[in-house]
Amino acid sequence: MGIQRYVAKRTLQALLVVYVVATTVFVAVRSIPGDPARLILGGDADADAIAAVRAELGLDQPMYVQYARWMGDLVRGDLGESIFTGEPVASRIIGAAEPTLSIGLVGISIAILIAIPAGIISATRRDQWEDYAATGVAFLGISMPSFWIGIVLLLTVGTAIPAIPSYGYTPISEGIVPWLANVILPATAVGLPYAGIITRMTRSSMLEVLGEDYMQTARAKGLPPRVILFKHGLQNALLPVVTVAGILFALLLGGIVAVEMVFGVQGFGRLLIRSIERQDFPIVQGSVIVISIIFVFMNLFVDLLYMSINPKIKYGGEA
Amino acid sequence: MGADYGGYGSDDTTRLFGVRLDRFDRLRETLTGDYKATFGLTTVILFVLAAIFAPELAPFDPMAQEYAIMQAPSLSSAHPFGTDSFGRDLLSRMMYGARISLGVSLVAVTIGAVVGIGLGLVAGYFGGVVDDALMRFVDVLWAFPWLLIAIMLVAVFGQGVWNVIAAIAFAYIDDFARLARGEVLSIREEEFVLAAKNIGLSDTRIMIEEVLPNAVAPLIVQFTVLVARAMLAESTLSFLGIGVKPTTPTWGALLGQGRSLIGQAWWISIIPGIAIVVTVLGINLFGDALRDAFDVRGEEGSP
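Attention in this report is confined to the structure presented alongside it. (Residues numbered from 1 in each chain as written. Chains lettered and ligands numbered in written order. Predicted model: local features only at pLDDT ≥ 70, side-chain atom pairs only at ≥ 80, totals over all residues. Heavy atoms only, no water.)

When helices and strands are tallied, chain B shows twelve helices and two strands. Looking at chain B residue by residue over its 303 residues, the buried ones come to 56%. Across chain B, the fraction of contacts at a sequence separation of at least 24, relative to all contacts at a separation of at least 6, is 71%. Surface accessibility of chain B: about 12900 Å² in total, with carbon and sulfur atoms responsible for 64%. (Helix = DSSP H or I, 4+ residues; strand = E, 2+ residues; numbered from the N terminus. Buried < 20%, exposed > 50% of the residue type's maximum accessible area, 1.4 Å probe, protein only. Contact = heavy atoms within 4.5 Å. Areas by Shrake-Rupley, 256 points an atom, 1.4 Å probe, with all protein chains shown as cover.)

Here is the structure:
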C-alpha cells in the first residue's frame, strides 16, 4: 500500500470515528430527561412560550430532521449556543482554551525535561542507586492524583514563595514571566505523573536499545561513549516514547480539569464542570465532540509521525 | 512453548480456568524475593482489610457530627487524623471511603477486562471482517476519554456508583481488547492451536481453553496497572463532584471537601490524598513485580 493511500485510509477511519462519536453524543443528549425549553425558561413558563422556544431550537421537528440539521451545523463548525448566556459554544470553548492549553503544554514540557534525563540515567546506571532513586520517584509520580499534587504545591511552594501566585491565570499577552509564574504550579501538578510514565518508558526502551547489535558495533568501532549513547542509543530509544504522546492526552485531560479547580483557573475544565452543574448541555456536548476530535487526530498524527521516523514499520499492517 | 500447554491430555497437574497452577510456582518464588512485590502486596492487603472491617475497626461513626470539635487538627487525642468541617472523624470516614474507592475500581476494571478480553479474543482469533468491525468499535470507545464518558453518563443518568463504574469500565475496554487481540494474533498460529482445530474442538473451546490461558500473563499485569489507574480516575471524579454521591465519603470526595478549607484545615485535603497515593503506589509496585516475574515485555505504566 502506498503512503498516500495509507494516510487517506487512516484519515477516513478517523473521520468515521468522529462521526460515530458525534452521533452517540446526539443520542445521549436527546435521552437526557427534561425539556431544554423548560430549562431555558425556568419552571413556571407558560405553554406558549415553551412551544415558541421549542420551535426556535428545532425541537418540534422529527428526529431525523434534527439529526440532519445537527450534523450539518457540526460540519460547518457550529456547535450551537449556551442555554444560559446565548453565546456560541465554539467561542466559549475557544475562550477557555488558552489557560488549559498553557497548563497542558508547560506540564508536558516539564515532564519531558525531567523524564528523559531521568530515564537515561536510570538505564545507564541500571541497578545502582541512581536507578533505584529514579524508579522510586517515577512510581511515586505515577501514583499521585494531579489535583492532590496541586494541593500539596499550593500549601508548600505557594505559601513559601509569594512571587508565585497560587490562584487564577494571567494571559500570555501580559508577558511571559507573569504568565509562567502563574502557570508553573498547575503545570507541575499535571506534569509530574506524566514524568513518571515517561521516565519508566525511556528507561525500558533505552535498556532494550543498549542491548542491540548496532550498539555493540558502535562500541567496536571505537566511537566515543557520548556519541554512542546519544546518536545511536537515544534516537532509537525515543521512538516508542513518541507513541505515548497520543495516549498522554487522555490522561492529561482528567488531570488538567481537576487541577484547574484547585487553582481556580477559568479554563476548559471549569467551563465543562460548571456546564454539567448548570445542565448547559450544548456546551457539554460541544466540548465532548471537540475533545474527541483532538484526541482522534492527535493519535493519527502520532501514528504517522512514528511511521515516518521508523522506516521499518509497514503501512497497513497493524499486527 | 510446546504442545503441553494444551488444555487437555492426561497430565494430573492442578488447573484453574485451564491454567496449570505449577506454572505459578516460579512466579511465587520470584515475588517473595522482590521488595516491590512485598511492599506492594502488604500495603494493598492492609487497605483491603481496613475497608472490609471498617464497621469493626473504625473508631467513630463516619456520619456522626460533633459540632464542638469541628475541624479538629490531626493527632488531637481522640481523632488521629482530625475531624472535618462537621466534626466527623476523618479516619473513620477514610476507612469507609476505602470500601467505595477500592470496590469501584475493582468492579470497573473487572467489567472492562471481561468485555475487552472477550472482544480482543474474538477479533484476534477470527481475524478478517470480524476483526475489522470489532476493532473499529474499539476505536470509537477509545475516542471517548474516561472523563468524557463519566460526564455524559452523569448528564444523562445523574450521579451514582454504577455510573462511575460504567465510565471507568467503558474506558478500559479498549485497553484490554487491544492487548488480548495482540496476544491472540501471536498464539493462534501455534502448533497446539492448530492441533486442537484438527481434532475438531469448537472455536469457543479453543479460544477459552487453548488461547486464553497462554495470554493470561500480560493481561494480569494490565489488570493490576489499570486498577491503580482506576483508583486515580475515581478519586478525580469524586473530587470534581461528578463521582459517587457527594455525601458518600470516598477518598476523592473527602479531598474535594477539604479544598475550600486548605487555609484553615490542611489535613482534610492532605491525609486522604496520602491514602490514595500509598494504595495506588502499592498496586503499581505489585504490578511491576508481576511484570518482571511473568517476564512481560511491554510499555511501562502505559496501557
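Let's pick the thread back up.
With that settled, consider the interface of chain A and chain B. At the interface, 50 residues of chain A touch 44 residues of chain B. Regarding the contact of chain A and chain B, the summed buried area is about 4400 Å², with carbon and sulfur atoms giving 79% of it. When residues of chain A are sorted by the area they lose upon contact with chain B, A:Phe139, A:Phe147 and A:Trp148 head the list and together hold 13% of the total. On the surface where chain A and chain B come into contact, there are one salt bridge. For the pair chain A and chain B, the number of links is five residue pairs in polar contact (both at pLDDT 80 or more). Residue assignment for the side of chain A that touches chain B shows that the elements contributing at least two residues are α1 (3–30), α6 (129–142), α7 (146–160), α8 (176–210), α10 (225–262), α11 (268–277) and α12 (281–309) of chain A. Looking at the side of chain A that touches chain B, the element that brings in the most residues is α10(A), giving nine residues. (Buried area = accessible area lost by both parts, 1.4 Å probe. Salt bridge = Lys/Arg side-chain N within 4 Å of Asp/Glu carboxyl O. Polar contact = N/O pair within 3.5 Å; in protein donor to acceptor, adjacent residues only side chain to side chain.)

Attention now moves to the packing of helix α4 (residues 90–126) of chain B against helix α7 (residues 161–187) of chain B. Residues and elements named next belong to chain B. Where α4 meets α7, the closest approach of the two axes is 5 Å, and the angle between their N-to-C directions is 35°. By crossing handedness, the relation of α4 to α7 is classed as right-handed. Class assignment for the residues of the contact of α4 with α7 results in 25 nonpolar, four polar and one charged. (Axes fitted to C-alpha atoms, helices over the stretch in contact; angles between N-to-C directions. Left-handed = near helix turned anticlockwise from the far one by under 90°. Nonpolar A, V, L, I, M, F, W, Y, C, P; charged D, E, K, R; others polar.)

Moving on to the environment of B:Gln159. Residues and elements named next belong to chain B. Here Gln 159 shows up in the loop between α6 (146–157) and α7. Overall, the relative accessible area of 33% leaves Gln 159 in the partly exposed class. Residues Gln 159 and Phe 47 lie 112 residues apart in sequence; the distance between their C-alpha atoms is 26 Å. A polar contact is formed between the side chain of Gln 159 and the backbone oxygen of Gly 241, at a distance of 2.5 Å. Among the polar contacts made by the side chain of Gln 159, one reaches the main-chain carbonyl oxygen of Gly 243 at a distance of 3.4 Å.

If you look at the biggest cluster of nonpolar residues, it comprises 150 residues, and the most contacted ones within it are B:Leu147, B:Tyr172, B:Phe239, B:Leu240 and B:Ile242. Per-element accounting of this core gives the leading share, 17 residues, to α10(A). When near neighbours in sequence (up to four residues on either side) are disregarded, B:Leu147 contacts A:Leu253, A:Gly254, A:Val257, B:Leu237, B:Leu240 and B:Ile242. Grouped together as the second largest cluster of nonpolar side chains are ten residues, B:Ala37, B:Val225, B:Leu290 and B:Ala293 included. (Core = buried A, V, L, I, M, F, W, Y, C linked by side-chain atoms within 4.5 Å.)

A few words now on unusual backbone geometry. All names here are of chain A. In this structure, Asp 127 is a non-glycine residue whose phi angle is positive, near 65°. As for its position among the elements, Asp 127 is in the loop between α5 (89–124) and α6. Residue Asp 127 is classed as partly exposed on the basis of its relative accessible area, which comes to 48%.

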